[in-house]
Amino acid sequence: MDVKYINPFLEGTIEVLKTMAFVNPRPGKPYLKQNNLAKGDVSGIIGITGTIKGSLALSFSTGSILKIVSNMLGEEITSLNGEIRDAVGEITNMVSGAARKKIEAMGYSLSASLPTVVSGEDHSIMHVLGGSNIVIPFEMDEGPFVVDISMGDPQ
Amino acid sequence: MDVSKKIKILVVDDFATMRKVIRNLLKQSGYENITEAEDGVVAMNMLKSTKIDFVISDWNMPNMTGIELLKAVRSDNELGSMPFLMVTAESLKDNVVEAVKAGVSNYIVKPFTAEVLGEKIDKILENIK
């Protein structure tokens, strides 16, 4: 996977969470991941099609997503309820939109599917393409989350 | 209080959580009189039976999408001039062109801040004065 796709997703994630949830997640060093195991307790995944095919997943620890959604809703959420699942889907959708806009500025045409949300211990994230994918880790005071990307070559 | 802040705003989105997020952002912008609908069909029924001053609608919804709702509103004799702000997750040129052709008052791309949302609403209200 071409590393030039990392920054649009990194910047898109920060932009969405800063704007909608007033948090400033700290990005760590991206790394390659070989398995399907999710890093967090609740994950949103969305397929990307167009001149580049791939998928994006955001996988949140309980602490990080409770803080994010509490800020988005303006009320304290204390458990992984339906509102959290809805919000994870919406955040995934928005990050995908923000990142695609940046990748489209490189001259590609992209669209996205509807997001799917998965939760539970040791759940898996199945990327459209399989193989290895790049993970961008983020830290918040309340816990970590990751952005897990799999993008193919332009067609 | 600014009189325009008292307007009744209908927020249309199939995700209850997103309606709550927009409600929260509207409150931060000073708008308190807010009602909600989960899709275009419910919204249209509410618009016909309740006094609504402003519509904020998501684009992607089941049953009746945001653009279908906009077209239905614009072709209705009584609701035709209703201020209508469309919310989208991406600034797709084709979508924007379609919405403008259908008579959207303005559109806003997610993510957005309370400040940007407030500015869009103020601008629309200013234009219809």
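Above this note sits the structure.
Residues numbered from 1 in each chain as written. Chains lettered and ligands numbered in written order. Predicted model: local features only at pLDDT ≥ 70, side-chain atom pairs only at ≥ 80, totals over all residues. Heavy atoms only, no water.

(A) Up close: the overall build of chain A. Along chain A, the regular secondary structure elements total 3 helices and 8 strands. Overall size of chain A, expressed as C-alpha extent along the three principal axes, is 45 × 30 × 30 Å. The buried share of chain A, reckoned over its 155 residues, is 53%. Partitioning the contacts of chain A with sequence separation of at least 6, the portion at a separation of at least 24 is 71%. Counting only carbon and sulfur atoms, one obtains 50% of the accessible surface of chain A, whose full area is about 6600 Å². The averaged location of the 17 negative side-chain charges in chain A is 8 Å from the averaged location of its 12 positive side-chain charges. (Helix = DSSP H or I, 4+ residues; strand = E, 2+ residues; numbered from the N terminus. Buried < 20%, exposed > 50% of the residue type's maximum accessible area, 1.4 Å probe, protein only. Contact = heavy atoms within 4.5 Å. Areas by Shrake-Rupley, 256 points an atom, 1.4 Å probe, with all protein chains shown as cover. Lys, Arg positive; Asp, Glu negative; His and termini not counted. Charge placed at Lys NZ, Arg CZ, Asp CG, Glu CD.)

(B) Layout of the environment of L114 of chain A. Residues and elements named next belong to chain A. For L114, the location among the structural elements is in the loop between β5 (110-112) and β6 (116-119). Judged by its relative accessible area of 69%, L114 falls in the exposed class. C-alpha separation for the pair L114 and N7, spaced 107 residues apart in sequence, amounts to 23 Å. The residues contacting L114, other than those within four sequence positions of it, are I45 and I46.

(C) Seen up close, helix α4 (residues 93-101) of chain B. Residues and elements named next belong to chain B. For α4, the complete set of buried residues consists of N95, V96 and A99. An end-on view of α4 places all buried positions within 100° of arc, on one side of the element. Opposite the packed face of α4, turned more than 90 degrees from it, sit the exposed residues K93, D94 and K101. Each element contacted by the buried residues of α4 is listed here: α3 (66-74) and β5 (106-109). Following α4 by one or two positions, G103 adopts a phi angle in the positive range, close to 95°. (Arc of directions from axis to C-beta.)

(D) Seen up close, the packing of aromatic side chains. Residue and element names in this part refer to chain A. One pass over the full model with this rule turns up 3 aromatic pairs over all chains. The interplanar angle of 65° and the centroid separation of 6.5 Å between the aromatic rings of Y5 and Y108 together place this pair among those described as edge-to-face. Of the two residues, Y5 sits in the segment before α1 (6-21) while Y108 sits in the loop between α3 (82-104) and β5, which places them 103 residues apart along the sequence. Taken together through their ring pairs, the aromatic side chains of F60, F138 and F145 make up a single cluster. (Phe/Tyr/Trp six-rings, centres within 6.5 Å; stacked < 30°, edge-to-face > 60°.)

(E) Highlighting the interface of chain B and chain A. Tallying the contact residues gives 16 residues for chain B and 19 residues for chain A. Both sides of the chain B and chain A interface together cover about 1600 Å² of buried area, and 60% of this is carbon and sulfur. The largest per-residue losses of area from chain B upon contact with chain A belong to T17, K20 and P111 of chain B, which jointly make up 34% of the total buried on that side. Counting across the interface, chain B meets chain A through 3 salt bridges. Across the pair K110 of chain B and E90 of chain A runs a salt bridge, and its minimum N-O distance is 2.5 Å. The interface formed by chain B and chain A includes 6 residue pairs in polar contact (both at pLDDT 80 or more). (Buried area = accessible area lost by both parts, 1.4 Å probe. Salt bridge = Lys/Arg side-chain N within 4 Å of Asp/Glu carboxyl O. Polar contact = N/O pair within 3.5 Å; in protein donor to acceptor, adjacent residues only side chain to side chain.)

Any functional reading would require information that these geometric values do not contain.
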